[in-house]
Amino acid sequence: MTPAGFKLTFLALMGAGVPVAIAMAGSSLIYVLVSGNVPDFVVIHRMVNGIDSFPLLAVPFFVLAGNLMNSAGITNRIYNFALALVGWLKGGLGHVNVVGSMVFAGMSGTAIADAAGLGTIEIKAMRDHGYSTEFAVGVTAASATLGPIIPPSLPFVIYAMFANVSVGALFLAGLLPGLVMALLMMATVAYYAHKRGFGSDTQFQWTKLGKAVLELAIVAAFPVAIWAATQAGAMPTAAVAVALGLLLVADWKFRFNAVLPILTPVLLIGGMTSGVFTATEGAIAACVWALFLGLVWYRTMSPRTLVKVSMDTIETTATVLLIVAAASIFGWMLTVTRTTESIAAWVLAFTSDPWVFLLLANLLMLFVGCFLEPTAAITILVPVLLPIVHQLGIDPVHFGLIMVLNLMIGLLHPPMGLVLFVLARVSKLSFERTTMAILPWLLPLLASLILVTYVPSISLWLPRVLM
């Protein structure tokens, strides 16, 4: 079999509706068997080596941490916090939707968890306050894309493994773009509020707003206090322990809504940038924190819930690892058959301008995102596009953010948009009406994509400063 036959076999299997992991592994095995140039055992050897990775251990723990937070009653606290912070604005619950998703993104790491977790609460509340179901579904879908952009992020971990870049740098790179996306979505909500005459959804109260702002100030002051303590000669572990102890006392006394959940990404990023732990160890720390909140502090989880969460985590992890294992042999076959070299040569013959390449890459990734879920798309696209990225001098961290954002937008597109299916089920709208409801919200997302693509400093400023 020729290299062209290998690629045609993969496309034929995909066109026949075969799951992407089976299509990648199957086409590789068929090529090995028919060509006779490679020993058969190489397929299994490469697949096993593909998942024998220390950074990849972060995947099940980040999935578990997100599931624990989603099952520990945290969503209601986040919703109430966002309601106090921005619910008094015109189109209040639309703004609450976006702010709530920003906070929840710091725990879940996936768009699906955001849409299924907060989406149920948000869509019901918006309906009860007189918003159309279509508007509620649209803003919920758009804000759910923040899940993998604001750390922690499962797609960032997968990309980091295949692109050999720092997970911590990717996490930092997602913070400012996530903020830009949220601001553009809130501007869109404000536009619709003005156009359709939406009012506020909760009475403005200085006490509630002050408490919400105080919660944000406490979370922001936490890493500053740790830094000051370490500069004064304190051990980092002791400084964190003391600061957490004081924070728990304050939370017990003042009954904050969301300080402790919001602290999750702060602990993760702070620990990784300061060198206290790696991304994998940080994922374990996030699980311990989530267990503490659910079982000890809020007492909203039971042993039965913990078993269900564990089983869901095993199912999700098995799916991800199967795709990664299949992609490992598939990527190796692309290299052996010189496919990546030929694609790179073709693209570089067409253009050597990084900005033109990024435009073509965006179009490709938006198209691929309509048909493949993000993990599968990352495992296929990274071996193909990354050699070109290196040759054109594009920062792989910047490109990773572009890729993940493209694939998140793809989650809102038919025919394979998983967020579409989740929200259609939650809102009880037809798939067609859900699709039409989401279309206007692609504008702020595409505007965010253009800014992130062509203003690299939005993504790279924080990693360069802190790492």
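Our subject is the structure that appears above.
Below you will find a few notes about this structure. (Residues numbered from 1 in each chain as written. Predicted model: local features only at pLDDT ≥ 70, side-chain atom pairs only at ≥ 80, totals over all residues. Heavy atoms only, no water.)

## Things to note about the overall build of the chain
At step 1: Across its full length, the chain holds 24 helices and 0 strands.
At step 2: Here the chain has a C-alpha radius of gyration of 23 Å; the compact-globule value for 467 residues is 23 Å, and the two agree.
At step 3: Long-range contacts, defined here as pairs at least 24 residues apart, represent 78% of the contacts in the chain between residues at least 6 apart.
At step 4: Roughly 19800 Å² of accessible area belongs to the chain as shown, and the carbon and sulfur atoms make up 70% of that amount.
At step 5: In the chain, 20 positive and 17 negative side-chain charges are present, and the distance between their average locations comes to 10 Å. (Helix = DSSP H or I, 4+ residues; strand = E, 2+ residues; numbered from the N terminus. Rg over C-alpha atoms; globule rule 2.2 N^0.38 Å. Contact = heavy atoms within 4.5 Å. Areas by Shrake-Rupley, 256 points an atom, 1.4 Å probe, with all protein chains shown as cover. Lys, Arg positive; Asp, Glu negative; His and termini not counted. Charge placed at Lys NZ, Arg CZ, Asp CG, Glu CD.)

## Considerations on the packing of helix H20 (residues 396-410) against helix H23 (residues 442-454)
At step 1: Relative to each other, H20 and H23 sit at 170°, their axes nearing to 10 Å. With respect to H23, the axis of H20 lies roughly antiparallel. Regarding H20 and H23, the two cross each other, and that crossing is left-handed. In contact with His398, Leu401, Ile402, Leu405, Asn406 and Ile409 of H20, H23 contributes Leu442, Leu445, Leu446, Ser448, Leu449, Val452 and Thr453.
At step 2: The residue makeup of the contact of H20 with H23, split by class, is 9 nonpolar, 4 polar and no charged. (Axes fitted to C-alpha atoms, helices over the stretch in contact; angles between N-to-C directions. Parallel < 35°, antiparallel > 145°, perpendicular 65-115°, else oblique. Left-handed = near helix turned anticlockwise from the far one by under 90°. Nonpolar A, V, L, I, M, F, W, Y, C, P; charged D, E, K, R; others polar.)

## Thoughts on helix H12 (residues 206-231)
At step 1: Its 26 residues place the ends of H12 36 Å apart at the C-alpha level, agreeing with the 38 Å of an ideal helix rising 1.5 Å per residue.
At step 2: The sharpest bend along H12 comes to roughly 30°, located at Ala221, with the proline Pro223 sitting one to four residues further on.
At step 3: For H12, the set of buried residues is Leu209, Ala212, Glu215, Val219, Phe222 and Ile226.
At step 4: Residues of H12 that are buried make contact with helix H5 (74-86), helix H13 (236-254) and helix H14 (259-273). (Expected span 1.5 Å × (residues − 1). Bend = angle between axes of the 7 residues up to and from the residue. Buried < 20%, exposed > 50% of the residue type's maximum accessible area, 1.4 Å probe, protein only.)

## Quick word on the pattern of salt bridges
At step 1: Taken as a whole and assessed by the stated rule, the structure comprises 3 salt bridges.
At step 2: The shortest N-O distance in the salt bridge between Asp128 and Lys124 comes to 3.1 Å. With Asp128 and Lys124 both in helix H7 (residues 111-128) and 4 residues apart, the pair spans about one turn of that helix. Each of the two residues, Asp128 as well as Lys124, counts as exposed. (Salt bridge = Lys/Arg side-chain N within 4 Å of Asp/Glu carboxyl O.)

## Topic: a nonpolar patch on the surface
At step 1: There is a patch of nonpolar side chains on the surface, built from Phe350, Trp355, Val356, Leu359, Leu360, Leu363, Ile450, Leu451, Tyr454 and Val455 and spanning about 880 Å² of accessible area.
At step 2: Of all the secondary structure elements, the ones that give two or more residues to the nonpolar patch are helix H18 (354-369) and H23.
At step 3: Sorting elements by how many residues they give to the nonpolar patch places H18 first, with 5 residues.
At step 4: With respect to the helices and strands, Val455 occurs in the loop between H23 and helix H24 (457-466). (Patch = residues over 30% accessible without salt bridge, like charges linked within 9 Å, V, L, I, M, F, W, Y side chains within 5 Å.)

## So, the environment of Pro155
At step 1: Within the secondary structure layout, Pro155 lies in helix H9 (residues 154-163).
At step 2: You can call Pro155 buried: its relative accessible area is 9%.
At step 3: Expressed as a C-alpha distance, the spacing of Pro155 and Gly400, which sit 245 residues apart in the sequence, is 9.2 Å.

## Some remarks on unusual backbone geometry
At step 1: A positive phi angle, close to 55°, is found at Arg255, a residue other than glycine.
At step 2: Along the chain, Arg255 falls in the loop between H13 and H14.
At step 3: Overall, the relative accessible area of 57% leaves Arg255 in the exposed class.
At step 4: The phi dihedral of Arg299 falls on the positive side, at around 55°, and the residue is not glycine.
At step 5: Secondary-structure assignment places Arg299 in the loop between helix H15 (279-297) and helix H16 (303-336).

## Observations regarding the environment of Gln205
At step 1: Inspection of the secondary structure puts Gln205 in the loop between helix H11 (175-196) and H12.
At step 2: Considering only alpha carbons, one finds Gln205 and Val20, 185 residues apart in sequence, at a separation of 52 Å.

## Digging into H5
At step 1: In this model, H5 (13 residues) spans 19 Å end to end at C-alpha, consistent with the 18 Å of a helix rising 1.5 Å per residue.
At step 2: Here H5 has its buried residues at Ile74, Thr75, Ile78, Tyr79, Phe81, Ala82, Ala84, Leu85 and Val86.

## Quick look at the nonpolar core
At step 1: Met24, Tyr159, Phe357, Phe399 and Met403 are the most contacted members of the largest nonpolar core, which has 156 residues in total.
At step 2: Excluding its chain neighbours within four sequence positions, the residues that come into contact with Tyr159 are Asn164, Val165, Leu170, Ile378, Val382, Leu386, Pro396, Phe399, Gly400 and Met403. (Core = buried A, V, L, I, M, F, W, Y, C linked by side-chain atoms within 4.5 Å.)

## Quick notes on the packing of aromatic side chains
At step 1: Overall, the coordinates contain 16 aromatic pairs when judged by the stated rule.
At step 2: For the pair Tyr191 and Tyr192, a centre-to-centre distance of 5.4 Å together with 65° between the ring planes defines the contact as edge-to-face.
At step 3: A residue is classified by how much of its surface remains accessible, and Tyr191, at 47% relative accessible area, is partly exposed.
At step 4: In this structure Tyr192 comes out as buried when scored by relative accessible area, which is 11%. (Phe/Tyr/Trp six-rings, centres within 6.5 Å; stacked < 30°, edge-to-face > 60°.)

## Comments concerning the packing of H9 against H20
At step 1: One way to put it is that H9 packs onto H20 with a least axis distance of 10 Å and a crossing angle of 135°. If you check the angle between H9 and H20, you find them oblique. In the packing of H9 onto H20, the handedness of the crossing is right-handed. Within the contact between the two elements, H9 uses Pro155, Phe156 and Tyr159 and H20 uses Pro396, Phe399, Gly400, Leu401, Met403, Val404 and Met408.
At step 2: Of the residues in the contact of H9 with H20, the class split is 9 nonpolar, 1 polar and no charged.

## Topic: the side chain of Asn97
At step 1: In this fold, Asn97 is placed in helix H6 (residues 92-108).
At step 2: Excluding residues that lie within four positions of it along the chain, Asn97 makes contacts with Glu122, Met126, Ala136, Val139, Thr140 and Ser143.

## Examining the environment of Ile378
At step 1: Mapped onto the secondary structure, Ile378 falls in helix H19 (residues 374-391).
At step 2: Each C-alpha atom of the pair Ile378 and Ala72 lies 30 Å from the other, and the pair is 306 residues apart in sequence.
At step 3: Other than its neighbours up to four places away in sequence, Ile378 contacts Pro155, Ile158, Tyr159, Pro383, Met403, Val404 and Leu407.

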